[in-house]
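The chain contents come next:
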Amino acid sequence: MTGTASASARRITDALLEECGRTYAAEAGIRLRDTPQPLYQLLVLSHLLSARIRAPVAVAAARALFAHGMRTPCRMAEATWQQRVDALGEGGYRRYDERTSTQLGEGARLVLDVWKGDLRRLRAEADGDTEVLRAGLRRVRGIGPAGADIFVREVQAVWPETGFWVGAKGLQGAERLGLPTSTGRLSDVARDRDRAAFAAALVRAALDRETAETVRESALARK
């Protein structure tokens, strides 16, 4: 990367973080820490975000589930199928509400059975290997490759051993913004920034062309 290109990438990154530099966990009201409850909440959010539904709806559905007390795998498993459906509906998550309610209940029971309700046990199993971590996440009903990507992308804020992670959607956002499209070069651009927030912002740019255009215009104005 040339010095000029690097300066341009930095301007775009600054504009991107200013425009939408927040994680999806923060938007969903999750105070992410390396403790069981927020890690489980992130798993639920990752599940919801991975469906073919608008991200704001998934975030609203997560907030509704948490507002109804379904913040832990125990409480999620104890809730009735209809209670989960109703909470999802409050968040506008209606297209997949019945299937998702079933998956959330089954996923919660798996988290309880396999990791005793504490995803830090999965972290210990992975022992720094991100692929092992992603494979473990995919054991949870409703968490596929996209959901695993989302979880790892957000959890890097508290599990730094994952390394810098943007996922396929984040790389799409980088391309749209004219940023490097390799994780290694993006990592250099993101140096000294909040990497989880940067990765989430790249995803927002991928999902919303207008956001990407606003960022590009703001970056040009910084010259």
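Above: the structure in question.
Residues numbered from 1 in each chain as written. Predicted model: local features only at pLDDT ≥ 70, side-chain atom pairs only at ≥ 80, totals over all residues. Heavy atoms only, no water.

Enquirer: Tell me about the overall build of the protein, residues and numbers included.
Expert: Along the backbone of the protein there are 14 helices and 0 strands. Going from N to C terminus, the protein has its helices and strands arranged as α-α-α-α-α-α-α-α-α-α-α-α-α-α. Compactness check: the protein gives a C-alpha radius of gyration of 18 Å against a globular reference of 17 Å for 223 residues, within 12% of the reference. Summarising its shape, the C-alpha atoms of the protein cover approximately 55 × 35 × 25 Å along the three principal directions. Here the protein holds 223 residues, and 51% of them are scored as buried. Pairs at least 24 residues apart make up 66% of the contacts formed inside the protein by residues separated by at least 6 positions. Entry remark: accessible area of the protein is about 10,400 Å², with carbon and sulfur atoms responsible for 45%. (Helix = DSSP H or I, 4+ residues; strand = E, 2+ residues; numbered from the N terminus. Rg over C-alpha atoms; globule rule 2.2 N^0.38 Å. Buried < 20%, exposed > 50% of the residue type's maximum accessible area, 1.4 Å probe, protein only. Contact = heavy atoms within 4.5 Å. Areas by Shrake-Rupley, 256 points an atom, 1.4 Å probe, with all protein chains shown as cover.)

Enquirer: So what about the packing of helix α11 (residues 167-177) against helix α13 (residues 195-207)? Which residues, and what values?
Expert: Angle between the axes and distance between the axes: these two values describe a pair of packed helices. Two numbers describe how α11 lies on α13: the axes approach to 7 Å, and their chain directions differ by 70°. Between α11 and α13, the angle falls in the class roughly perpendicular. In this structure, α11 meets α13 at a crossing whose hand is left-handed. Facing α11, whose interface residues are K169, G170, Q172, G173, A174, R176 and L177, α13 presents L202, V203, A205, A206 and L207. Within the contact of α11 with α13, the residues separate by chemical class into 7 nonpolar, 3 polar and 2 charged. (Axes fitted to C-alpha atoms, helices over the stretch in contact; angles between N-to-C directions. Parallel < 35°, antiparallel > 145°, perpendicular 65-115°, else oblique. Left-handed = near helix turned anticlockwise from the far one by under 90°. Nonpolar A, V, L, I, M, F, W, Y, C, P; charged D, E, K, R; others polar.)

Enquirer: Any chance you could break down unusual backbone geometry for me, citing the residues and the numbers?
Expert: The phi angle at D127 is positive, at roughly 50°, despite the residue not being glycine. Phi angles above zero are rare outside glycine, and D192 is one such case at about 70°. Structurally, the position occupied by D192 is in the loop between α12 (183-189) and α13. On the accessibility criterion, D192 (75% relative accessible area) is exposed.

Enquirer: Any details on the nonpolar core? Residues and values, ideally.
Expert: Core analysis: the largest hydrophobic core is formed by 52 residues, its most contacted members being L43, L45, L48, L65, Y93 and L137. What L45 contacts, discounting residues up to four positions off in sequence, is Y24, A25, A28, I30, A58, V59 and A62. Counting 21 residues, the second-largest nonpolar core is a separate cluster that includes V166, L186, F198 and A201. (Core = buried A, V, L, I, M, F, W, Y, C linked by side-chain atoms within 4.5 Å.)

Enquirer: Would you mind going over the pattern of salt bridges in detail, with residue names and values included?
Expert: All chains considered together, the criterion is met by 11 salt bridges. Between D14 and R193 there is a salt bridge, with its nearest N and O atoms 2.2 Å apart. You can see D14 sitting in helix α1 (residues 3-20) and its partner R193 sitting in the loop between α12 and α13, a full 179 residues away along the chain. With a closest N to O distance of 2.6 Å, R123 and E161 form a salt bridge. With R123 in helix α8 (residues 120-126) and E161 in the loop between α10 (145-155) and α11, this residue pair connects regions lying 38 residues apart in the sequence. Given the relative accessible area of 21%, R123 is considered partly exposed. (Salt bridge = Lys/Arg side-chain N within 4 Å of Asp/Glu carboxyl O.)

Enquirer: Residues and numbers for helix α14 (residues 209-221), please.
Expert: With 13 residues, α14 extends 19 Å between its outermost C-alpha atoms, agreeing within 8% with the 18 Å of an ideal straight helix rising 1.5 Å per residue. Those residues of α14 that fall on the buried side of the exposure criterion are T211, A212, V215 and A219. All buried residues of α14 fall inside an arc of 100° around its axis, so they share one side. What points out from α14, more than 90 degrees from its buried face, is the exposed set R209, E210, L220 and A221. Among the residues of α14, the N-terminal cap falls to D208, whose side-chain oxygen and the backbone nitrogen of E210 are separated by 3.0 Å. (Expected span 1.5 Å × (residues − 1). Arc of directions from axis to C-beta. Polar contact = N/O pair within 3.5 Å; in protein donor to acceptor, adjacent residues only side chain to side chain.)

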